[in-house]
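Here is what each chain is made of, one letter per residue.
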Amino acid sequence: MFQEERLQAILQYLTANKRITVDQICELYDVSRDTARRDMVKLEEQGTIVRTRGGAILPTLSKDIGNYEQRMQEASTSKLTIGKTAASLVQDGNYLMMDASTTVLHAAASLRSKHNVVVTNSIETAAVLTRNEEITIHMLGGVLDKKHHRVWGAKTLEMIHDYHVDKLFIGTCGITEDGLSAPDEEDSYIVRTMMEHADQVIVLADHTKFGKRLFHRVVGFDRIDVLITDQEVSSSMRELLNVNEVKLVLAGGEDRHD
């Protein structure tokens, strides 16, 4: 087996088993300990593993977050299904707040209720809502983030304090048993502040977000009321949601009340 083939095999093993040792590499691929160590050095240089005492693990920190257009293409069918389910939770006359998530954008586009008021920091969500005559839009001000099509900064946080809504719809880049995480502090601060001004917090997250941990922790599950996703979650995650009294809704399916 050539080295490149062996490196791919090691990564596949790590994906399935989370951890690999030097001795396991030697046994699985019939190589010497020196060769096994060289393989790990190569993978570490590529940034695909983190070396530990006697072995290696996959990196636990997700760092690559695409721009708005790229994120719109990721799990697009799942996001559409989740967005439609989220929109079905909105009642006539509800006051809403929506962050700049691409999944939340699908919820905004799917709204069919009447006489709603929406506060948002997303220029894309605001644009989509202009097509709906039943909705009054309040656009938050601030600095324009061209990469993620949102406004943020001190002015944004200041303006959020002037509102209070029935429901808040937010997305997330990562969900682990520690809660929600985001790639930067600014996003976290905006979401936290929005949560303080909403009676109900609803998180929209497709299956690809689970198991991802990003740089900055946003909140734990004790701050969330509803989680909408497109696939069944792990038993440990379901138990954690139950402990924190988070209602789990499977998009296109039925609510879970385990």
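Quick caveat, the model's predicted, so the values are computed rather than measured. Along each chain, numbering runs from 1 in the same order as the chain's sequence is written. Whole-chain, interface and lining totals are the exception, using all residues; otherwise, since this is a predicted model, local features are given only for residues with pLDDT of at least 70 and side-chain atom pairs are given and counted only at 80 or more. Computation of side-chain values: all heavy atoms of the structure, hydrogens and water removed.

Q: Whenever I open this one, the packing of helix α1 (residues 3–17) against helix α2 (residues 22–29) confuses me. Can you help?
A: Each pair of packed helices can be described by the angle between their axes along with the distance between the axes. Contact pair α1 / α2: the axes reach a minimum separation of 12 Å and the direction vectors enclose 120°. Taken as axis vectors, α1 and α2 run oblique relative to one another. Once α1 is placed against α2, the crossing between them reads as right-handed. Contacts between α1 and α2 involve Arg6, Ala9, Ile10 and Tyr13 on the former and, on the latter, Gln24, Ile25, Leu28 and Tyr29. For the contact of α1 with α2, the per-class residue count stands at six nonpolar, one polar and one charged. Orientation is described by lines fitted to C-alpha atoms, with helices fitted over the stretch in contact, and by angles between N-to-C directions that extend from 0 to 180 degrees. Counting from the N terminus, the helices are the DSSP runs of H or I reaching at least four residues and the strands are the DSSP runs of E reaching at least two. By the definition adopted for this analysis, an angle is roughly parallel if under 35 degrees, roughly antiparallel if over 145, roughly perpendicular if from 65 to 115, and oblique otherwise. The handedness criterion is simple: a crossing whose near helix is rotated anticlockwise from the far helix by less than a right angle is left-handed, and one whose near helix is rotated clockwise is right-handed. Two residues qualify as a contact provided that any one of their heavy atoms is within 4.5 Å of a heavy atom in the partner residue. Throughout, the ten residues Ala, Val, Leu, Ile, Met, Phe, Trp, Tyr, Cys and Pro are labelled nonpolar, Asp, Glu, Lys and Arg are labelled charged, and all others, Gly among them, are labelled polar.

Q: Can you help me understand the side chain of Thr103 in this one?
A: Looking at the element boundaries, Thr103 is found in helix α6 (residues 102–109). With sequence-adjacent residues up to four places away left out, Thr103 is seen in contact with Lys79, Ile82, Gly83 and Leu204.

Q: So what exactly am I meant to see when it comes to the environment of Val243 here?
A: In this structure, Val243 sits in helix α10 (residues 235–243). Each residue gets one of three labels from its accessible area relative to the maximum for its type: buried under 20%, exposed over 50%, partly exposed in between, using a 1.4 Å probe on protein chains only. Overall, Val243 belongs to the exposed group, its relative accessible area being 62%. The sequence separation of Val243 and Gly211 amounts to 32 residues, and the corresponding C-alpha distance is 19 Å.

Q: Explanation requested: the sheet that holds strand β11 (residues 179–182) in the structure shown.
A: Pairing between the strands of a sheet comes from backbone hydrogen bonds, and it takes one of two forms, parallel or antiparallel. In space, the three strands of this open sheet follow the order β10-β11-β13, with antiparallel pairing throughout. Strand pairing shows two members of the sheet lacking a second neighbour, β10 (174–176) and β13 (216–219), which therefore form its edges. On average, each strand axis in the sheet is tilted by 40° relative to the strand beside it, whichever way the strands run. Here, strands pair whenever DSSP counts at least two bridges between them. Both β11 and β13 contribute to a ladder of three bridges, which runs antiparallel. Its bridge partner lying in β13, Ser181 is registered against Arg217. Against the sheet, helix α9 (residues 185–195) touches β11 and β13, its axis set at about 5° to β13.

Q: It is not clear to me how the packing of helix α5 (residues 76–87) against α6 should be interpreted in this structure. Could you clarify?
A: One way to put it is that α5 packs onto α6 with a least axis distance of 7 Å and a crossing angle of 50°. In this view, α5 runs oblique relative to α6, as classed from their interaxial angle. Where α5 crosses over α6, the two elements pack in a sense that is right-handed. Two secondary-structure elements touch here, α5 through Ser76, Lys79, Leu80, Ile82, Gly83, Ala86 and Ala87 and α6 through Thr102, Thr103, His106 and Ala107. When its residues are assigned to classes, the contact of α5 with α6 shows five nonpolar, five polar and one charged.

Keep in mind these numbers describe shape, not what the thing actually does.
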